[in-house]
Amino acid sequence: MKKTLGAVAAALLIMPFTGVYAASTLQIWAVPGQDGYTELMAKEFGKQHPDVTVDIRKVAFADINDEALRAVMSGTGPDLIPVDNPNTAMFASKNALLDLTPYLAKSKVIDVKQIYPGPLQNASWKGKVYAMPRGTNTLALYYNEDMFKAAGLDPDKPPQTWDDLYNVAKKLNNPAKNVYGLAFSALGTEEGTFQFLPFVQSTGADWNTLNDPGAVRAVDFWKKLLDEKLASPDTVSRSQSEAAATFVNGNAAMDISGPWEMPGFEKNAKFKWRVAMLPAEKSGGLHTSALGEQNHAILRSSKNPAVAFQFLEYMYSQQARNWNEFGMLPLSKDVVSTDPKWPQAYAVFSEQMKFARPRGPNPAWPQISKAIYSAVQSVLTHQSDGTTAMKTAYET
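Throughout this document, residue positions are counted from 1 along each chain, in the order its sequence is written. Where totals are concerned, whole chains, interfaces and linings use all residues; where local detail is concerned, this predicted model gives features only for residues with pLDDT of at least 70, and gives and counts side-chain atom pairs only at 80 or more. Derived side-chain values reflect all non-hydrogen atoms in the structure, with water molecules and hydrogen atoms excluded from consideration.

**Some thoughts on the overall build of the protein chain**
Here comes step 1: Note on conventions: DSSP H or I runs of at least 4 residues are helices, E runs of at least 2 residues are strands, and numbering of each starts at the N terminus. For the protein chain, the count of helices and strands is 17 helices and 13 strands.
Here comes step 2: A principal-axis box enclosing the C-alpha atoms of the protein chain has dimensions of 65 × 45 × 35 Å.
Here comes step 3: Whether a residue is buried, partly exposed or exposed follows from its accessible area with a 1.4 Å probe, protein chains only, as a fraction of its type maximum: under 20%, in between, or over 50%, in that order. Expressed as a percentage of its 396 residues, the buried residues of the protein chain come to 57%.
Here comes step 4: It only takes one pair of heavy atoms within 4.5 Å for two residues to be counted as in contact. Partitioning the intrachain contacts of the protein chain with sequence separation of at least 6 by distance along the chain shows that 79% fall at a separation of at least 24.
Here comes step 5: On the protein chain, roughly 16800 Å² of surface is accessible, and the fraction owed to carbon and sulfur atoms is 53%.
Here comes step 6: This count recognises Lys and Arg as positive and Asp and Glu as negative, with His and chain-terminal groups excluded. A charge is said to be at NZ when it belongs to Lys, at CZ for Arg, at CG for Asp and at CD for Glu. Side chains of the protein chain carry 39 positive and 39 negative charges; the gap between the two charge centres is 2 Å. The protein chains shown are the only cover counted for residues, whose accessible areas, like all others here, come from Shrake-Rupley with a 1.4 Å probe.

Next comes the structure, spelled out in structure tokens:
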């Protein structure tokens, strides 16, 4: 039976949690500049359990991996850390994380069988669960409805293929008004890999088959967009949030991003916008997308693993709030929204999730990702051709 937002919210008021047996301090890392999710969850958890002191430390997203591994080796780490979901396997393979499997077997709050396969796969390694997703998300195509109409385009017919995307971007491109047809991120970080892989996967290739001609077609398509200035030259140095800012400011007619942008778009956009599924390479092809969102993991060196797991249970119990408050989808099949904000976007992202693919899992993911985004950057900056770059990435 699926749980509606209202039913879940009511149940949360009386939901029992495993007891905290003694006064304790829970140390949690959070990424600064995000949606405040971890901080809010920690504050609420602390109010429910006054015998627990919750300490939050902000750690830059780019520093999480190195700092967490150093903390584990020194025994000075926090109890919980945020982990970009493809990196869970790396941490688990280094024996840095607590195996949650025995905790989950006894939990009356978390039902692992209800978690969607993709998020669960990226929280697991070698048959054991080492993290808990806070939610899930994926990428889709935002577009400016007003610009579509002004250009004589039907906003009810967004681009369905790469050719459509190219042609629509070309029609909406307006250098005189400093408007690019499309915004996306080809940044030399995991963000660039995250945005690039859906294009690769739409061809039938994947992160582990980059020597496939489809991967070359994908990077050459991106290069075409930049070479013809349908996307800004700054695409190679812009993060996803910076690319989204060009869209919300009216300097890009379309933007590839995730549902986390919607609260900001609702607040700041001076135009009507909609969301469409990512275009497939060809008509009838795969509308693939990337599986995103952070996991939360308990470090093996945690001094309060039982309390830390209780916090994971609390976050899991609150996932009915994910969409309306934080712009991410629930991770469980039995939690649905009967009254979602941005209903058009909710329908699209829910459908897009069916085609969202995990990155990895592979303990070498940081190195794999670096090879991918470095290859993409080399092509977009004319330092290499697509065939050579993708072959190099495959062999790295």
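**Structural notes on the packing of aromatic side chains**
Here comes step 1: Two aromatic rings, drawn from Phe, Tyr or Trp (for Trp, its six-membered ring), form a pair once their centres lie within 6.5 Å of each other, and the interplanar angle then sorts them: stacked below 30 degrees, edge-to-face above 60, tilted otherwise. This structure, assessed with the given rule, holds 22 aromatic pairs.
Here comes step 2: For the ring pair Phe45 and Phe311, a centre distance of 5.3 Å and an interplane angle of 75° mean the geometry is edge-to-face. Of this pair, Phe45 sits in helix 2 (residues 37–48) while Phe311 sits in helix 13 (residues 305–317), and the two are 266 residues apart along the sequence. Summarising the burial analysis for this pair, Phe45 and Phe311 share the class buried.
Here comes step 3: Here a set of aromatic residues connected by ring pairs shows up, and it is made of Tyr142, Phe247, Phe265, Phe271, Trp273, Trp323, Trp342, Tyr346 and Phe349.
Here comes step 4: Between Lys224 and the ring centre of Tyr166, over which it is positioned, the NZ or CZ distance is 3.9 Å. Over a ring means this: the NZ of a Lys or the CZ of an Arg is within 6 Å of the ring centre and within 35 degrees of the ring normal.

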